[in-house]
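# Per-entry structural report
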Amino acid sequence: MASTPPVARWLSLVTLLVTLLLVVALVAYERPVPPEVCPDPDRQFEPQSDSQQDASARIAVRVWPRSEQERAELAALAHDVWSEHAGTELDLVLDPAGVTALRSRGIEFTELVSDVLGVAEQERERLRGVEAARPPPPGEWFSEYRDLETIHAYLEQLARLRPELVELRTIGYSLEGRPLQVLRIHGNGSRNGNGVARGTDSVTIGAPGERPRRMFVDGGLHAREWISMMVTTCVADRLIRGYDDDPALRRFVDEVELWVLPVANPDGYVHSWRRDRYWRKNRRAGHGVDLNRNFGLAWGGDGSSGKPASSIYRGTAPFSEPESAAIRSLMEAERFDVHIDFHSYGQLVLHPWSHTRKRSSDHQRLRQAAEGIVTAIASEHGERYRLISGASLYPASGTLMDWAYGTQGVASFVIELRPRGGTGFVLPPDQIVPTCDEGLAAVMSVHPASALPHG
Ligand code: 0X9
Ligand code: ZN
C-alpha cells in the first residue's frame, strides 16, 4: 500500500480544521441568546407570529386618525368602537391581528386595556361574591354595581320610604317584557301651585300659580354603560333621603318635578350582566337596535346604520322599539322643560344638535346651561368635563337628545360620565359615589334657568 504524500496529508488536516471551525461558528451563531444576556427593550412589544397569537384576545387602544379616510379604515379593523372624538381620538377594540396591522402601518396608539375580556371576567368574579352577600348592607348600596332586579327593588324601597314625595310608575315594557320603571319625585312646595318665582338673565320662569319646572333624567339607554344606571338611581336616592336635612335638596325637590328612569334598556342590561359585558343595544332579534339611533328626528341620517349587526343600528323605523316608544309617550304626556340623558364614558357634556354641526336656534342658551353643568361638576371633585355639541364630537342621528329638543322643545343634554378613558365601561366601584356627586351637581345646576322659552 502506497503511503500518502506529506503535502496531501497537511492539506486534508487543514480542510478538516477549517470545516470544524465553520461548524462551531455556525452552531454558536444559531444558538438563541437568552434575553437576560442581551436585553432588547422593544422585545416585549414585538408582534407575535399569527400561529402564536390568541385570535380571541381583545385589546382596547386609543388612536388619533390623521384623516377621515384613516378614521374609517381604522374603525373597520375593530371589533367594536368604544368612543369617538372627531378630529382627535378614537377608542377601538382590536384582536391581536388588528394590533399587528396598526404597527405595520406605523399608526401610533396607546393601549387602554390589554385584556378587555379579562377585565370583564375580573369584574364578574367580584360581583359573584357580591351577589352571594345579597341584599346589600344598609349604607353600602352604592359601593358596588347592582343588577336589574336589585335596582328595581331599590326603586320600590325608595318609593315606600317617602310616599308623599315619591311615586313609582311603569311607563311601558321592554321587548322581552321587563318594566320600564320611573320615579316621580316632587315635594310639597309646588304641589299647591306655588311655582318658582325667579328671574334669570334671559328667561323669567315660574310666576306663582304656574306649573312647576319639570325635568326628566334617564340612564342605561346603552346596556354596557353601568355607571349611568347607578348615577341616576343615586341622584334619586340623594334627593329623597336628603329632603329633610339638606335645604338645597329640599328646595330642589319642592320646586322641580323630577322624573328618573334609571334603566331605559332593561333587556340589554340583563344581557350585559349575564352574557356579554360590552353589549350596547336592546335585544331585538338577537342583533339588537341602538335605542339612541331609534328616535324620530333625523332618523336614518349620518352616524347611524341600516345594518342590523352594526353597533349603531337604527332599527326598521323611528320608534320601532318599545323602549324608545315608551320614552316618547312619557315625554309627550309630561311636557318636560329640561332633560339629561346619562351615558358613559369620556367625561363630556353635550348639547344639541347631534345629527348636524349647524347651530341650534337656542345655541347660546343651551351652551350657557351646559357651561353651568360643567362648572357644577368641576366644583365636586375638580374634574373638568369637556363641553361640545353632539355633532362636533361625531354625528349621530335619531338620538333621544335631538328628538327631545327638536320636537318637544326640551332643553336636552347628554352627559358622558366617568372615566375619561381608563378601562372604559368597566369603571371601578369606588368611582360610583364620586360620579354620583357629579351627576347630582349636574341635575341641580340646570334647574331652572335652562328651560327654553317654548319649553
Ligand atoms: O353615540 C351615542 O349614542 C352617545 N355616546 S355613547 O358613547 N354613550 O354611545 C352620544 C350621543 C350624543 N351625540 C353625538 N355624539 N352626536
Ligand atoms: Zn351611551
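Residues numbered from 1 in each chain as written. Chains lettered and ligands numbered in written order. Predicted model: local features only at pLDDT ≥ 70, side-chain atom pairs only at ≥ 80, totals over all residues. Heavy atoms only, no water.

The strand order E5-E6-E10-E9-E11-E14-E12-E13 describes an open sheet built from eight strands, whose pairing is mixed. Across the chains shown, the open sheet's two edge strands, defined by having one partner strand only, are strand E5 (166-173) and strand E13 (386-389). Across the sheet, the mean angle from the axis of one strand to that of its neighbour is 20°, orientation sign disregarded. Bridge count for strand E9 (residues 213-218) against strand E10 (residues 256-261) is six bridges, and the pairing is parallel. Opposite Asp218, over in E10, you have Leu261 as the bridge partner. Contacts from helix H13 (residues 432-445) reach E9, strand E11 (338-344) and strand E14 (411-417), with the element oriented near 160° to E11. (Pairing = 2+ DSSP bridges. Helix = DSSP H or I, 4+ residues; strand = E, 2+ residues; numbered from the N terminus. Axes fitted to C-alpha atoms, helices over the stretch in contact; angles between N-to-C directions. Contact = heavy atoms within 4.5 Å.)

Here we take up the packing of aromatic side chains. Aromatic rings considered in pairs are described by the distance between their centres and by the relative angle of their planes. Going through the model one piece at a time under the given rule, you end up with 17 aromatic pairs. Between the aromatic rings of Trp141 and Tyr154, the centroid separation amounts to 4.1 Å while the plane-to-plane angle is 20°, which identifies the pairing as stacked. Of this pair, Trp141 sits in the loop between helix H4 (116-132) and helix H5 (148-161) while Tyr154 is found in helix H5, placing the two residues 13 residues apart along the sequence. The exposure class of Tyr154 is buried, given its relative accessible area of 6%. Centroid distance Phe319 to Trp403: 5.6 Å. Interplanar angle 75°. Geometry classified as edge-to-face. On the criterion of sequence distance, the pair formed by Phe319 in the loop between helix H8 (266-274) and helix H9 (322-334) and Trp403 in helix H12 (residues 400-408) is long-range, its members being 84 residues apart. In this pair, the class of Phe319 matches that of Trp403, namely buried. Linked through ring pairs, Trp82, Tyr278, Tyr345 and Phe425 together constitute an aromatic cluster. (Phe/Tyr/Trp six-rings, centres within 6.5 Å; stacked < 30°, edge-to-face > 60°. Buried < 20%, exposed > 50% of the residue type's maximum accessible area, 1.4 Å probe, protein only.)

Once that is clear, we can look at the layout of surface pockets. Reported here for the second largest pocket is a volume of approximately 500 Å³. Surrounding the second largest pocket, 23 residues form its lining, Arg124, Ser272, Trp273, Arg274 and Arg275 being those nearest its centre. Those elements that provide at least two residues to the lining of the second largest pocket are H4, H5 and H8. For the lining of the second largest pocket, the element with the highest residue contribution is H4, accounting for eight residues. (1 Å grid on protein atoms, 1.4 Å probe; cavity = no way out; pocket = protein on both sides within 12 Å on 5 of 7 lines; lining within 4 Å. Points joined across faces, edges and corners; volume = space filled by probe spheres on them.)

The final tally for this structure, using the stated rule, is two cavities of 30 Å³ or more. Taken together, Leu127, Val130, Glu131, Arg134, Tyr145, Arg146, Asp147, Thr150 and Trp273 form the lining of the largest cavity. With three residues, H4 is the largest single contributor of residues to the lining of the largest cavity. Of the residues contributing to the lining of the largest cavity, the split by class is four nonpolar, one polar and four charged. (Nonpolar A, V, L, I, M, F, W, Y, C, P; charged D, E, K, R; others polar.)

Let us look at the state of the cysteines. Per the stated rule, a full pass over the model turns up one disulfide. Between Cys234 and Cys436 runs a disulfide, and the two sulfur atoms are separated by 2.0 Å. Its S-S torsion of approximately -85° makes the covalent link between Cys234 and Cys436 left-handed. Here Cys234 is found in helix H6 (residues 226-241), whereas its partner Cys436 is found in helix H13, with 202 residues between them in sequence. Residue Cys234 is classed as buried on the basis of its relative accessible area, which comes to 2%. (Disulfide = S-S within 2.5 Å.)

Across the sheet, four strands lie side by side as E2-E3-E1-E4; this open sheet has antiparallel pairing. The strands lining the two open edges of the sheet, one partner per strand, are strand E2 (80-84) and strand E4 (109-113). Across this sheet, the average inter-strand angle for adjacent strands is 30°, counted without regard to direction. Note that E2 and strand E3 (residues 90-94) share four bridges and pair antiparallel. Across the sheet, Val81 pairs through a bridge with Leu92, a residue of E3.

Okay, the environment of Arg283 next. Among the structural elements, Arg283 can be located in the loop between H8 and H9. A sequence separation of 108 residues divides Arg283 from Leu175, and the C-alpha atoms of the two residues are 7.4 Å apart. Those residues in contact with Arg283 that sit more than four places away from it in its chain are Leu175, Glu176, Asp267, Gly268, His271 and Gly288.

With that settled, consider the site of ligand 1. Close contacts around ligand 1 come from 15 residues, with Arg280, Arg293, Ser354, Tyr394 and Glu416 the closest. Notes on ligand 1: free accessible area 410 Å², of which the protein chains cover 97%. If you list the elements that add at least two residues to the shell around ligand 1, you get E11 and helix H11 (390-393). The leading source of residues in the shell around ligand 1 is H11, at three residues. Taken together, the residues of the shell around ligand 1 break down into five nonpolar, six polar and four charged. (Near = heavy atom within 4 Å. Areas by Shrake-Rupley, 256 points an atom, 1.4 Å probe, with all protein chains shown as cover.)

This next bit is on the coordination of the zinc ion (ligand 2). Where a metal carries four tetrahedral donors, each ideal angle is 109.5 degrees; where it carries six octahedral donors, the ideal angles are 90 or 180 degrees. Taken together, the protein ligands of the zinc ion (ligand 2) are His222 (ND1), Glu225 (OE), Glu225 (OE) and His343 (ND1), with distances of 2.0 to 2.3 Å. Binding-site remark: the zinc ion (ligand 2) is held by donors from one chain whose sequence spacing is H-x2-E-x117-H. Note that His222 is positioned in the loop between E9 and H6 and His343 in strand E11, a separation of 121 residues in sequence. Taking relative accessible area as the criterion, His222 reaches 4% and is therefore assigned buried. (Donors = N, O, S within 2.8 Å, 3.2 Å for Na, K, Ca; no water.)

Further remarks concern the packing of helix H10 (residues 363-381) against H13. The N-to-C vectors of H10 and H13 enclose an angle of 145°; their axes lie 8 Å apart at closest approach. Seen from above, H10 lies across H13 with right-handed handedness. Of the residues in H13, those touching H10 at Gly372, Ile373, Ala376, Ile377, Glu380 and His381 are Pro434, Asp437, Glu438, Ala441, Ala442 and Ser445. Here the residues of the contact of H10 with H13 sort into six nonpolar, three polar and three charged. (Left-handed = near helix turned anticlockwise from the far one by under 90°.)

A regular strand places its side chains on the two faces of the sheet in alternate fashion. With five of five residues buried, strand E1 (residues 59-63) is to be regarded as a mostly interior element. Residues Ile59, Val61 and Val63 line one face of E1 and the alternating positions Ala60 and Arg62 line the opposite face, and both faces are buried. In this sheet, E3 lies alongside E1 in antiparallel orientation, the contact comprising five bridges. In the strand pairing of E3, Val63 is matched with Leu90. Relative to E4, E1 runs antiparallel, the two sharing four bridges. Counted as the bridge partner of Arg62 is Thr110 from E4.

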